[in-house]
Amino acid sequence: MSLFDWHRGVVKVGSALIAPDGKACSGQFLLPIARYISECRLKGKEIVLVSSGSVAAGRGLITHGDVPSIAEKQAMAAVGQTRMMANWARFFDFPCAQILLTHDDLSDRRRYVNIKNTIRELLNNGILPIVNENDTVATQELKVGDNDNLAALVSQVADADMLMICSDIDGLYTADPRTNPDAKLIANIESVTPSIYALAGGTSNKIATGGMRTKIEAAEKATVNGVHTLIVNGTKGQVFDRLLQGEQQGSWFKRQASPKKARKHWLQYTLKEQGKILVDTGAAKALLKQGASLLSIGIRAVEGTFNKGDAVLICDPDGRPIGKGICQYSGIELAKIKGVQSQKISEILGFCPSEVVIHRDDLVIL
């Protein structure tokens, strides 16, 4: 199990790196990170960037008191978001895409599937997705709260196998290195335990929403789902050069299972099936032997009431369960398009959110 054996990674960059003075975007710390992302892409790896900084980028443009109101912060985010995106785009010679999310988007199964599809298509087309919390519209109850935990959730929806959190500290220490000269960096963390949480302090940065605790929370969420998590110091450019050379940096939280095994367990045991799809012999063979996605033409019958994003059971012509997956269509929609070619879905339904009914990445064979 190697830290460098990954295909799809999520890189999270905090406000302290985007806007060091807390008032505007800066390129001070971003060039080495951008170069790392570009080099990883050249090596065939896929990257999703989770970037803070919209509120900080717009702070100097909105009149506010000592403690900005929610409306003032939302206005800062609105004006700062475009600046933050432009700040990143200038470092890349490939296109970037903006994705703004709230906790509500990630907890709603239909929107969760839409987000997954969007990220999948952007990566397939060589575009860098840049994700941020939608601070312009998010109220307190809809907010993830910090982009460390948002990055962990994005690593799940993106089917990533590596999460890198770029901070302004080298990693997790045995004590606060700012106040204790005897503090030592913990390079390898086998699992997140109460003793690991006990090492976390708060944040001393006025524009940041998280500290080491939120990074440990993110690491716990990610590692349980099969995602290696690395906390590195984003203010030190040499960190990224050394990572590209295969040299470990920062604190590595080791994943608790392979991404495939973790996802299989989640699909098979956590998600309750809401309906059933009966497929023909050809579709059953393609699913079992060829690792294919499920297409509408292979569906013979649909049972139960379910919505887009729900888990459904897949059965062979004899009614025996052969798989379980997340469906891209509701039961009512599937009943209309069963047995037809994918290119005819738009003609029948008036829309076509996906050419596959269940993508192979969202499917587990039983």
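Up top is the structure these notes are about.
Numbering of residues starts from 1 in every chain and runs along the sequence as written. The predicted nature of this model means local features are confined to residues of pLDDT at least 70 and side-chain atom pairs, given and counted, to a pLDDT of 80 or more, with totals for whole chains, interfaces and linings taken over all residues. Note: side-chain values were computed over all heavy atoms of the structure, leaving out hydrogens and water.

Help me out: how do you make sense of the overall build of the chain in this one?
Elements are defined by DSSP. Helices are runs of H or I of four residues or more, strands are runs of E of two residues or more, and each kind is numbered from the N terminus. Helix and strand counts for the chain stand at 14 helices and 13 strands. Compactness check: the chain gives a C-alpha radius of gyration of 22 Å against a globular reference of 21 Å for 366 residues, within 12% of the reference. Projecting the C-alpha coordinates of the chain onto the three principal axes gives extents of approximately 70 × 45 × 35 Å. Here the term buried applies to any residue with accessible area under 20% of the maximum for its type, exposed to any over 50%, and partly exposed to those in between, with areas from a 1.4 Å probe on protein chains only. Expressed as a percentage of its 366 residues, the buried residues of the chain come to 52%. Any two residues whose heavy atoms approach within 4.5 Å are treated as being in contact. For the chain, long-range pairs separated by at least 24 residues make up 71% of all intrachain contacts whose partners lie at least 6 apart in sequence. Calculation of accessible area relied on Shrake-Rupley with a 1.4 Å probe; when residues are assessed, cover is drawn exclusively from the protein chains displayed. Roughly 16500 Å² of accessible area belongs to the chain as shown, and the carbon and sulfur atoms make up 49% of that amount. The sign given to each residue is positive for Lys and Arg and negative for Asp and Glu; His and the chain ends receive no count. Where a charge lies is defined by one atom per residue type, namely NZ (Lys), CZ (Arg), CG (Asp) and CD (Glu). Each charge sign in the chain was given a centre, from 43 positive and 38 negative side chains, and these centres are 3 Å apart. Here the radius of gyration uses the C-alpha set of atoms, whereas the globule reference equals 2.2 Å times the residue count to the power 0.38.

In this structure, what is going on with unusual backbone geometry? I would like to understand it.
Peptide bonds are mostly trans, and most non-glycine residues show a negative phi. The phi angle at aspartate 159 is positive, at roughly 55°, despite the residue not being glycine. Relative to the elements of secondary structure, aspartate 159 occurs in the loop between helix H7 (147-157) and strand E5 (162-167).

Quick question: what am I supposed to make of the pairing of E5 here?
Consecutive side chains of a regular strand alternate in pointing toward one face of the sheet and then the other. In terms of burial, E5 is a largely internal element, six of the six residues being buried. Of the two faces of E5, the one carrying Met162, Met164 and Cys166 and the one carrying Leu163, Ile165 and Ser167 are both buried. In this structure, strand E1 (residues 8-13) lies alongside E5, joined through five bridges in parallel fashion. For valine 10, the partnering residue across the bridge sits in E5 and is leucine 163. Only strands that DSSP links by at least two bridges are regarded as paired with each other. The pairing of E5 with strand E7 (residues 228-233) spans six bridges and is classified as parallel. Paired with methionine 162 across the strands is histidine 228, a residue of E7.

I keep staring at the pairing of strand E12 (residues 321-326) and nothing clicks. Help me out?
In terms of burial, E12 is a largely internal element, five of the six residues being buried. Linkage of strand E11 (residues 311-315) to E12, two consecutive antiparallel strands, is achieved through a turn of five residues, within which glycine 319 is found at a positive phi near 85°.

Before we go on, may I ask you to explain the sheet that holds strand E6 (residues 188-189) in this structure?
One key point about sheets: their strands pair by backbone hydrogen bonds, in either a parallel or an antiparallel sense. Reading across the sheet, the eight strands line up as E3-E4-E2-E1-E5-E7-E8-E6 and stay open at both edges, with mixed pairing between neighbours. The strands lining the two open edges of the sheet, one partner per strand, are strand E3 (96-101) and E6. Where E7 and strand E8 (residues 251-253) come together, three bridges link them in antiparallel fashion. Residue pairing in the sheet places threonine 229 in a bridge with phenylalanine 253 of E8. The strands that helix H4 (residues 70-89) touches are E1, strand E2 (46-51), E3 and strand E4 (128-133); relative to E3, the one it contacts most, it runs at about 145°. Comment: axis = line fitted to C-alpha atoms, over the contacting stretch for helices; angle = value between 0 and 180 degrees taken between N-to-C directions.

Honestly, it's all geometry; don't read function into it.
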